[in-house]
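Per-entry structural report
So you can see what is in the structure, the chains are spelled out below.
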Amino acid sequence: MRNHGTCATGLDTLTLSQVAARATADKKGRDPVVLDVSAVLGIVDAFVIASGANERQVRTIADEVEARVKQAGGPAPSAVEGRADASWMLLDYGDVVVHVFLEETRTYYDLERLWRDAPRWAWEADEVAAGK
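What counts, and where the lines are drawn
- Residues numbered from 1 in each chain as written.
- Predicted model: local features only at pLDDT ≥ 70, side-chain atom pairs only at ≥ 80, totals over all residues.
- Heavy atoms only, no water.
- Helix = DSSP H or I, 4+ residues; strand = E, 2+ residues; numbered from the N terminus.
- Buried < 20%, exposed > 50% of the residue type's maximum accessible area, 1.4 Å probe, protein only.
- Contact = heavy atoms within 4.5 Å.
- Phe/Tyr/Trp six-rings, centres within 6.5 Å; stacked < 30°, edge-to-face > 60°.
- Salt bridge = Lys/Arg side-chain N within 4 Å of Asp/Glu carboxyl O.
- Pairing = 2+ DSSP bridges.
- Axes fitted to C-alpha atoms, helices over the stretch in contact; angles between N-to-C directions.
- Expected span 1.5 Å × (residues − 1).
- Polar contact = N/O pair within 3.5 Å; in protein donor to acceptor, adjacent residues only side chain to side chain.

The next point concerns the side chain of threonine 24. Of note, threonine 24 is situated in helix H1 (residues 13-26). Owing to a relative accessible area of 0%, threonine 24 belongs among the buried residues under this scheme. Non-local contacts of threonine 24, meaning those with residues more than four positions away in its chain, are made with Gly29, Pro32, Ala50, Ile61 and Val65.

This next bit is on the packing of aromatic side chains. Applying the stated criterion to the full structure yields four aromatic pairs. Ring centres of phenylalanine 47 and tryptophan 115 lie 5.9 Å apart, and the angle between their planes is 80°; on these two criteria the pair is classed as edge-to-face. In this pair, phenylalanine 47 sits in strand E2 (residues 46-52) while tryptophan 115 sits in the loop between helix H5 (111-114) and helix H6 (125-130), placing the two residues 68 residues apart along the sequence. In this structure, phenylalanine 47 and tryptophan 115 share a single accessibility class: buried. On the numbers, 4.6 Å between centres and 35° between planes, the contact of tryptophan 88 with phenylalanine 101 is tilted. Linking tryptophan 88 in strand E4 (residues 88-92) with phenylalanine 101 in strand E5 (residues 96-102), this pair joins segments that are 13 residues apart in sequence. A connected cluster of aromatic rings, assembled from ring pairs, spans Trp88, Phe101, Tyr108 and Tyr109.

Okay, the pattern of salt bridges next. A side chain with one charge can pair with a side chain of the opposite charge if their charged atoms come near. Going through the model one piece at a time under the given rule, you end up with seven salt bridges. Of the charged contacts, one joins arginine 30 and glutamate 103 as a salt bridge, the two residues approaching to 3.9 Å between their closest N and O atoms. Of this pair, arginine 30 sits in strand E1 (residues 30-36) while glutamate 103 sits in helix H4 (residues 103-109), and the two are 73 residues apart along the sequence. Of the residues examined, arginine 30 reaches a relative accessible area of 38% and is grouped as partly exposed. The partner of aspartate 63 in a salt bridge is arginine 83, with the nearest N and O atoms 2.8 Å apart.

Quick look at the sheet that holds E5 now. Strand pairing within a sheet occurs via backbone hydrogen bonds; the two strands may be parallel or antiparallel. If you trace the five strands from one edge of the open sheet to the other, you get E1-E2-E5-E4-E3, paired in mixed fashion. The open sheet has two edge strands with one neighbour each: E1 and strand E3 (79-81). Adjacent strand axes in the sheet meet at a mean angle of 10° when their direction is disregarded. As defined by bridge partners, E4 adjoins E5 across five bridges and the pair is classed as antiparallel. Following the sheet pairing, leucine 91 is matched in E5 by valine 98.

The end-to-end C-alpha distance of H1, which contains 14 residues, comes to 20 Å, matching closely the 20 Å that a straight helix rising 1.5 Å per residue would cover. In this structure aspartate 12 caps H1, since a side-chain oxygen of it lies 3.1 Å from the backbone nitrogen of leucine 14.

With that out of the way, let us pick up the environment of threonine 60. Following the sequence through the fold, threonine 60 ends up in helix H3 (residues 55-71). Judged by its relative accessible area of 32%, threonine 60 falls in the partly exposed class. Through-space distance from the C-alpha of threonine 60 to that of valine 100 is 9.9 Å; in sequence the pair is 40 residues apart.

All quantities given are derived from atomic positions and should not be read as evidence of function.
Next comes the structure, spelled out in structure tokens:
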């Protein structure tokens, strides 16, 4: 990771990632993960990846991420892609990009495998407390 600097939202990248990951989990998103892709991409620090069981849940998860980030002091994402079919929604927060997939779409694109060398950031309260 380059640093936990403040991104365009006014939140540092780690905090924004953690807020987004918690929001996905709170809406029953499956297997939320935060990947540090800064060393590989250079233009983005982190990917938050989660999935939902159906299009409605994918939209609900994405809406919850937007609401939570705003509550935490950040604005709306600079771009939201995929809302129409909701098989893969992308919320662009500059240094943090949130991907919310349908399960089968997540399996097909397998971003975790593609970015398998990227370190994972802790986002759950017990992981953060343990320094993982």
